[in-house]
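One letter stands for each residue in the lines below.
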Amino acid sequence: QVQLVESGGGLVQPGGSLRLSCAASGISFGILHMGWYRQAPGKQREFVATITPAAGTNYADSVKGRFTISRDNAKNTVYLQMTSLKPEDTAVYYCNAGVDLMHFWGQGTQVTVSS
């Protein structure tokens, strides 16, 4: 019923940029808290950024100043603009949506930062 679909991942050189997108369907987008998480091989999934229904944002210290989360409610989509990418940003990036006790995950999109 509820579906989140990430896109925009790929291979980029250190210092480069990528924009990830997450499109939601099957739920009223405007009430959702949205977020991005990432998981590197052999590591636990970690918080990257969140955005509230009113567009308030929060970031992990490791990405603050480099990444920007935003949302377009008319398109039911949340974005993660990533700049100044580092090899340690390499991971599968997952979109998350939540309201009250309900939360949902996308399938993930691979980001690889390598020279």
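Everything discussed here concerns the structure shown above.
All chains use their own residue numbering, which begins from 1 and follows the written sequence. Since the coordinates come from a predicted model, pLDDT governs what is reported: local features require at least 70, and pairs of side-chain atoms require 80 or more to be given and counted, while whole-chain, interface and lining totals use all residues. Note that water and hydrogens are dropped before the side-chain values are worked out from all heavy atoms of the structure.

Draft legend 1. Spatial organisation of the side chain of Thr109. Strands are runs of DSSP state E lasting at least 2 residues, helices are runs of H or I lasting at least 4, and numbering of each runs from the N terminus. Mapping Thr109 onto the fold places it in strand S11 (residues 109–113). The classification of residues rests on relative accessible area computed with a 1.4 Å probe and restricted to protein chains. Under 20% of the type maximum is buried, over 50% is exposed, and intermediate values are partly exposed. Given the relative accessible area of 11%, Thr109 is considered buried. At 3.2 Å, the side chain of Thr109 and the backbone nitrogen of Gly9 are in polar contact. Other than its neighbours up to four places away in sequence, Thr109 contacts Glu6, Ser7, Gly8, Gly9, Leu20, Ala91, Val92 and Tyr93. Polar contacts, as counted here, are pairs of nitrogen or oxygen atoms within 3.5 Å of one another; within protein the pair requires one atom able to donate a hydrogen and one able to accept it, and residues that are adjacent in sequence qualify only if both atoms are side-chain atoms. Residue contacts are counted whenever heavy atoms from the two residues lie within 4.5 Å of one another.

Draft legend 2. Representation of the side chain of Arg66 in the model. With respect to the helices and strands, the residue Arg66 is situated in the loop between strand S6 (57–59) and strand S7 (67–72). Polar contacts involving the side chain of Arg66 include one to the main-chain carbonyl oxygen of Ser84, which spans 3.0 Å. Arg66 has contacts with Gln81, Met82, Thr83, Ser84, Leu85, Lys86 and Asp89, leaving out every residue within four places of it along the chain.

Draft legend 3. Structural detail: the pairing of strand S10 (residues 102–105). Judged from the 4 bridges that link them, strand S9 (residues 91–99) and S10 form a sheet pairing that is antiparallel. Residue Ala97 lies in a different strand from S10, and its bridge partner there is Phe104. When DSSP locates at least two bridges between a pair of strands, those strands are taken to pair. With antiparallel pairing between neighbouring strands as the criterion, S9 and S10 make up a hairpin whose turn holds 2 residues, including Asp100 at a positive phi of roughly 50°.

Draft legend 4. Representation of the sheet that holds strand S8 (residues 77–82). Sheet architecture is open: 4 strands sit in the order S1-S3-S8-S7, paired in antiparallel fashion. Only two strands of the sheet have a single partner each, and these edge strands are strand S1 (3–7) and S7. Ignoring which end each strand starts from, the neighbouring axes of this sheet average 15° apart. Both S1 and strand S3 (residues 18–25) contribute to a ladder of 5 bridges, which runs antiparallel. If you follow Val5 over to S3, its bridge partner there is Ala23. An axis is simply a line fitted to the C-alpha atoms; with a helix, the fit covers only the stretch in contact. Between two such axes, the angle follows the N-to-C directions and lies from 0 to 180 degrees.

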